[in-house]
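Observations on chain architecture
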Amino acid sequence: MNDWIYVALAAPLLMFVLVNLKTSRPDGVLVRNLHKYRTMMFYVMPTRNESVVYFDDYCDAEQLLKYTKAASEKLGTDVGITHAIVAACATAFAENMAMNKFVSGYRLYERNDVWISFSMKRKRLDKAAKLAVVKQKMTGEHTFASLCAEVNAKINVERSGKKTYADKEYDLFTAIPRPFLYRLQSFVRQLNYWNLLPNSFIEPDPMHTSLFIANLGSVGMGAGYHHLYEWGTCPLFLMVGKVEDRAVVRDGEVVVRPMLNLRFSYDERTDDGFTAGGGITSIREIIEDPFTHLGCLSDDGTDTWPLLAPRAER
């Protein structure tokens, strides 16, 4: 009888040790051999919002506005600034793969795939319309044309009025009484900490993503400074403002240019500022010269390429 008591007491302890030793996740691979300084950062700054760094950047949008208009006519589908930003960010990840990491459970992981989430209004020009979120997996086969087609198909589903996976999930969770819902979300967070969340939960969740984009310019607003969500594993948030005429210096002279404001929120625990700077530079270069870097407008299709390929390799 005493032996069974010892087993009963030891089993929970053993289970606790095993789950804390578990390093494998369905969405990422553990980064090993970190510098001790970076390892300590996870404990000194255990949450994303005490680890956030803000970057502010401006892009000349003249060519972008021309490109989105030409692409809409050429591809026969809606092509906007959001499409171009998503494509630019996909290439930025290809050129700066150290960006595609996240912190979970005081550990650093390299994400298996590039995922980009972005928000949109369910109904255009409707101030009361609810927001919806599209989560897009970027693959090595995506060209700008195929990306636009896939994104627009998802947007049409969101705007169709049909209940999506997220709608059904929200309905389920909000039907749970408040005290139980609080405990349930705490339990889900703990499962994520222990690397026990299944991929069937992670993949549809827009907060388990490489980057989240909010284009406030689409509703006539400027870019704000956004926090990072503690839910999920998103280490990067990009706010996009409206295109505005601004005075800038070109070749030593002050001129007025249409400028697009981009504001980045970045979890500095994932990598250093040099990596973040490289990603921002890639995005700016693509946005300011989309005809070269996004292509897909030639009649013979010779200027199409996978978005998840460094530009030097195209």
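This text follows the structure it describes.
Presented here is an overview of the structure given in this document. Per chain, residues are indexed from 1 in the order of the written sequence. Residue-level local features of this predicted model are given only where pLDDT is at least 70; pairs of side-chain atoms are given and counted only at 80 or more, and the full residue set underlies all totals for whole chains, interfaces and linings. For side-chain calculations, the full set of non-hydrogen atoms in the structure is used, while hydrogens and water are omitted.

Focus on the overall build of the protein chain
Quick note on the threshold: By definition, any uninterrupted DSSP run of H or I lasting at least four residues is a helix, any uninterrupted run of E lasting at least two residues is a strand, and each is numbered from the N terminus. By the convention used here, residues are in contact when the closest approach between their heavy atoms is within 4.5 Å. The Shrake-Rupley method, run with a 1.4 Å probe sphere, supplies the accessible areas, and residue values consider only the shown protein chains as cover. Counting rule applied: Lys, Arg positive; Asp, Glu negative; His and chain ends not counted. Every charge is mapped to an atom, namely NZ of Lys, CZ of Arg, CG of Asp or CD of Glu.
Secondary structure assignment for the protein chain yields 10 helices and nine strands. In terms of principal-axis extent, the alpha carbons of the protein chain reach across some 85 × 45 × 40 Å. Within the protein chain, counting contacts between residues at least 6 apart in sequence, those at least 24 apart form 70% of the total. Accessible surface, the protein chain: about 16,700 Å² in total, of which carbon and sulfur atoms supply 59%. For the protein chain, the distance from the average site of its 37 positive side-chain charges to the average site of its 37 negative ones is 7 Å.

Some thoughts on empty space enclosed by the protein
The probe, sized like a water molecule, is rolled over the atoms to show the empty space still left. The condition that has to hold: In this analysis the probe radius is 1.4 Å and the grid spacing 1 Å, with only protein atoms considered; a cavity is a set of points the probe fits into but cannot get out of, a pocket is an open set with protein on both sides within 12 Å along at least five of seven lines, and lining residues have an atom within 4 Å of a point. Grid points are joined across faces, edges and corners, and a volume is the space filled by probe spheres set on the points. Only Asp, Glu, Lys and Arg are considered charged in this grouping, and only Ala, Val, Leu, Ile, Met, Phe, Trp, Tyr, Cys and Pro are considered nonpolar; every other residue, Gly among them, is considered polar.
The final tally for this structure, using the stated rule, is one cavity of 30 Å³ or more. In this structure, the largest cavity occupies an estimated 100 Å³ of space. Looking at the largest cavity, it is lined by 13 residues, and the ones nearest its centre are Met-99, Leu-236, Phe-264, Ile-280 and Ile-283. Of all elements in the fold, only helix H4 (81–95), strand E9 (253–267) and helix H9 (273–288) reach the threshold of two or more residues within the lining of the largest cavity. Counting residues per element, the lining of the largest cavity draws most heavily on H9, at four residues. Among the residues making up the lining of the largest cavity, the classes are represented as 12 nonpolar, one polar and no charged.

A closer look at helix H2 (residues 36–44)
Selection rule: Here the term buried applies to any residue with accessible area under 20% of the maximum for its type, exposed to any over 50%, and partly exposed to those in between, with areas from a 1.4 Å probe on protein chains only. Directions from the helix axis toward the C-beta atoms define the arc.
Restricting attention to buried positions, one finds in H2 the residues Arg-38, Met-41 and Phe-42. Along H2, the residues classed as buried sweep out an arc of 100 degrees about the axis, all on the same side. In this structure, H2 carries Lys-36, Tyr-37 and Val-44 as exposed residues pointing more than 90 degrees from its buried face. For H2, the elements touching its buried residues are strand E3 (101–104) and strand E4 (107–111).

Points about the packing of aromatic side chains
Put simply, the rule is: Geometry of aromatic contacts follows a simple scheme: Phe, Tyr and Trp rings, the Trp one being its six-membered ring, pair when their centres are within 6.5 Å, and the pair is stacked under 30 degrees between planes, edge-to-face over 60, tilted otherwise. Any Lys NZ or Arg CZ found within 6 Å of a ring centre and within 35 degrees of that ring's normal is scored as a charge over the ring.
In total, this model carries 10 aromatic pairs according to the counting rule given. With a centroid separation of 5.6 Å and an interplanar angle of 50 degrees, the aromatic rings of Tyr-67 and Phe-144 are classed as tilted. Remark: Phe-144 occurs in helix H5 (residues 144–158) and Tyr-67 occurs in helix H3 (residues 62–75); sequence separation between them is 77 residues. For the pair Tyr-67 and Phe-144, one class covers both residues: buried. Relative to Tyr-109, the ring of Phe-102 lies with its centre 5.5 Å away and its plane at 15 degrees, an arrangement referred to as stacked. Per residue, the accessibility class of Phe-102 equals that of Tyr-109, and both read buried. Taken together, the ring pairs connect Tyr-43, Tyr-106 and Tyr-193 into an aromatic cluster. Its guanidinium or amino end placed over the ring of Tyr-109, Arg-25 lies 5.6 Å from that ring's centre, counting from NZ or CZ. A cation over a ring is seen here: Lys-135 above Trp-115, with NZ or CZ 4.7 Å from the ring centre.

Quick word on the layout of surface pockets
Considering only enclosed or pocket space, the second largest pocket measures out at about 450 Å³ in volume. Around the second largest pocket, the lining comprises 19 residues; the ones closest to its centre are Gly-105, Arg-189, Asn-192, Tyr-193 and Glu-230. Secondary-structure elements contributing two or more residues to the lining of the second largest pocket are E3 and helix H7 (178–193). With five residues, H7 is the largest single contributor of residues to the lining of the second largest pocket.

Topic: the nonpolar core
Here is the rule we go by: For the purposes of this section, nonpolar cores are sets of buried Ala, Val, Leu, Ile, Met, Phe, Trp, Tyr and Cys residues that join through side-chain atoms within 4.5 Å.
Counting residues in each nonpolar core, the largest one holds 46 residues, and the members touching the most others are Ile-85, Phe-144, Ile-213, Leu-238, Leu-260, Leu-262 and Ile-287. In terms of residues, this core owes the most to one element, H4, which gives 10 residues. Leaving out residues up to four positions away in the same chain, Leu-262 has contacts with Phe-55, Asp-56, Asp-57, Cys-59, Ile-85, Leu-238, Met-239, Val-240 and Ile-283. Met-207, Phe-212, Phe-237 and Met-239 belong to the second largest nonpolar core, which has nine residues in total.

A look at the environment of Glu-203
With respect to the secondary-structure elements, Glu-203 resides in the loop between helix H8 (199–202) and strand E7 (211–215). Considered as a pair, Glu-203 and Lys-162 are 41 residues apart in the sequence and their alpha carbons are 20 Å apart. With sequence-adjacent residues up to four places away left out, Glu-203 is seen in contact with Trp-115 and Lys-135.

Interpretation in functional terms is not warranted from these geometric data alone.
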